[in-house]
Amino acid sequence: MFLSCLTSSCIMAASLEVDTFSTMTGSGDLKTEDVEDKSEQEPNDEDAEDDETVEEPREPRIRETPEDIKLDAIVNTLAFHPKQDIFAAGDIDGDIYVYSYSCTEGESKELWSSGHHLKSCREVAFSHDGQKLFSVSKDKSVHLMDVEEGKLVTRITKAHSVPINALLLVDENVLATGDDEGTLKVWDMRKGTSFMDLKHHEDYISGIAVDQAKRILLTSSGDGTMGVFNIKRRRFELLSEFQSGDLTSVAIMKRGKKVVCGSSEGTMYIFNWNGFGATSDRFAVKAESVDCIVPITDSILCAASTDGVIRAVNLLPNRVLGCIGQHVGEPIEQIACSRDSHFLASCAHDQMIKFWDISSLREMTVSDYRKRKKKDGNLKSLSKKAYGGGDDFFSGLMEETEAKKEVKEEDEEESDSESDSD
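Residues numbered from 1 in each chain as written. Predicted model: local features only at pLDDT ≥ 70, side-chain atom pairs only at ≥ 80, totals over all residues. Heavy atoms only, no water.

Asks: When you look at the overall build of the chain in this model, what are you seeing that I'm missing?
Replies: Across its full length, the chain carries two helices and 28 strands. Counting across all 422 residues of the chain, residues that qualify as buried make up 48%. Considering only intrachain contacts with a sequence separation of at least 6, the fraction spanning at least 24 residues in the chain is 48%. With an accessible surface of roughly 21,400 Å², the chain has 47% of that area assigned to carbon and sulfur atoms. (Helix = DSSP H or I, 4+ residues; strand = E, 2+ residues; numbered from the N terminus. Buried < 20%, exposed > 50% of the residue type's maximum accessible area, 1.4 Å probe, protein only. Contact = heavy atoms within 4.5 Å. Areas by Shrake-Rupley, 256 points an atom, 1.4 Å probe, with all protein chains shown as cover.)

Below, the structure written as structure tokens:
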């Protein structure tokens, strides 16, 4: 009996020890799991921090040029604001758009648009203070709009009897317009009436330029002549001799000593100031045409063509410096230079407005005047965007001046360059 009780007591004690050990062991396991859980939670907090870092908004990318803009119709005309990073564009539907532009990605945006013209808007121009925007149209009207609000301020409904094609702001109150039949009108916008109404061209007026003194107006025309008009005396002066093809554009270069006209034949015609009757020089560019020219410096201009290429050209000595950019296979309607001469904007039949970096042009010089040109080179790309379809696209797009002609005109060009050095 005593042994039986002792055995039972031992068994109970052993069982109690086992239960106690199990309990302690179980408690230890729970604590270990808790530690493991805590150790697993710590990297999760770091992952959460990483997730938060990924979700932070990316800083906007800074581009070399503003982003290209796509419109719903072909853009005919462009103009930059003289004091702000703003430009205006007019399209074939008669709509006018005003955009702000920026090299910060995503910041270029439309400020306002206007549909006041009934037909194609052919030219836009900002006033010198940037507060007004002038426009002319195929609907024969001249419009004056407030730039800040986009409201129509003045409308001259029947400014010409035929569609208007060209526009130049002479000063804050004087406006010159040219139409499809060769009539030039000069307006006093304070009165809304024209004080000059002259027709001496037989075809459309494609471009208008004015000298620094605001005294002489020059016009290029589809009849192949350049017209000279005196604003101060309010009279016609003369027409130049006829050139081959339409004269498509006109600009004053070389500190006012030279006038250059582009043509539909791809030739640039150069006139001496006060020698407007006949050309002093001509430069054949290997292009389908020279439709629009914009001076960048006294010697360098940008020229756009129906072949879709924008070329940088130096005058006297005459050189094609390279390609600024292109609308591949699309005729270019117009180009415009920004207020700081850092960007060139272009519009073409692809309905795109593109921007090109031209900041390097101001530092370019042309030397070795008598140096012969290479006959088998590619047109040099002057901006990173000027690659289009690749190097093959530019094969053969070099300046075209025949060797015989270069020898024949060498003495004449040399005398011109000497006169420009004064």
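Asks: Is there a simple way to think about the sheet that holds strand β5 (residues 109-114) in this case?
Replies: Sheets are built from strands that pair by backbone hydrogen bonding, the pairs being arranged parallel or antiparallel. Here four strands make up an open sheet; going across it, the order is β2-β3-β4-β5 and the pairing antiparallel. The outermost strands of the open sheet, each flanked by one partner alone, are β2 (75-80) and β5. Taken pair by pair, the neighbouring strands of this sheet meet at an average axis angle of 20°, ignoring direction. Bridge count for strand β3 (residues 86-91) against strand β4 (residues 96-100) is five bridges, and the pairing is antiparallel. Across the sheet, Gly-90 pairs through a bridge with Ile-96, a residue of β4. (Pairing = 2+ DSSP bridges. Axes fitted to C-alpha atoms, helices over the stretch in contact; angles between N-to-C directions.)

Asks: Is there a simple way to think about the sheet that holds strand β23 (residues 300-304) in this case?
Replies: Sheet architecture is open: four strands sit in the order β22-β23-β24-β25, paired in antiparallel fashion. Two strands bound the open sheet, and with one partner strand each, they are β22 (292-295) and β25 (319-326). The mean angle between the axes of side-by-side strands here comes to 25°, regardless of whether they run parallel or antiparallel. As paired strands, β22 and β23 are joined by four bridges and run antiparallel to one another.

Asks: Can you help me understand the side chain of Asp-211 in this one?
Replies: Here Asp-211 lies in the loop between β14 (205-210) and β15 (216-221). For the buried residue Asp-211, which engages in no salt bridge, the nearest side chain bearing the opposite charge is Arg-215, 5.4 Å off. Within the structure, the side chain of Asp-211 is placed 3.0 Å from the backbone nitrogen of Ile-216, a separation counted as a polar contact. If we ignore the near neighbours within four places in the chain, the residues touching Asp-211 are Ile-216, Ile-252 and Trp-273. (Lys, Arg positive; Asp, Glu negative; His and termini not counted. Salt bridge = Lys/Arg side-chain N within 4 Å of Asp/Glu carboxyl O. Polar contact = N/O pair within 3.5 Å; in protein donor to acceptor, adjacent residues only side chain to side chain.)

Asks: How should I be thinking about the pattern of salt bridges in this particular structure?
Replies: Between side chains of opposite charge, pairing is possible as soon as their charged atoms come close. Across all of its chains, the model carries eight salt bridges by this definition. Of the charged contacts, one joins Asp-180 and Arg-122 as a salt bridge, the two residues approaching to 2.9 Å between their closest N and O atoms. Of this pair, Asp-180 sits in the loop between β11 (174-179) and β12 (183-188) while Arg-122 sits in strand β6 (residues 121-126); the two residues are 58 residues apart in sequence, bridging distant segments of the chain. One salt bridge in this structure joins Asp-188 and Arg-190, with 3.2 Å as the shortest N-O distance. Here Asp-188 falls in the buried class, since its relative accessible area comes to 11%. The class for Arg-190 is exposed, based on a relative accessible area of 61%.

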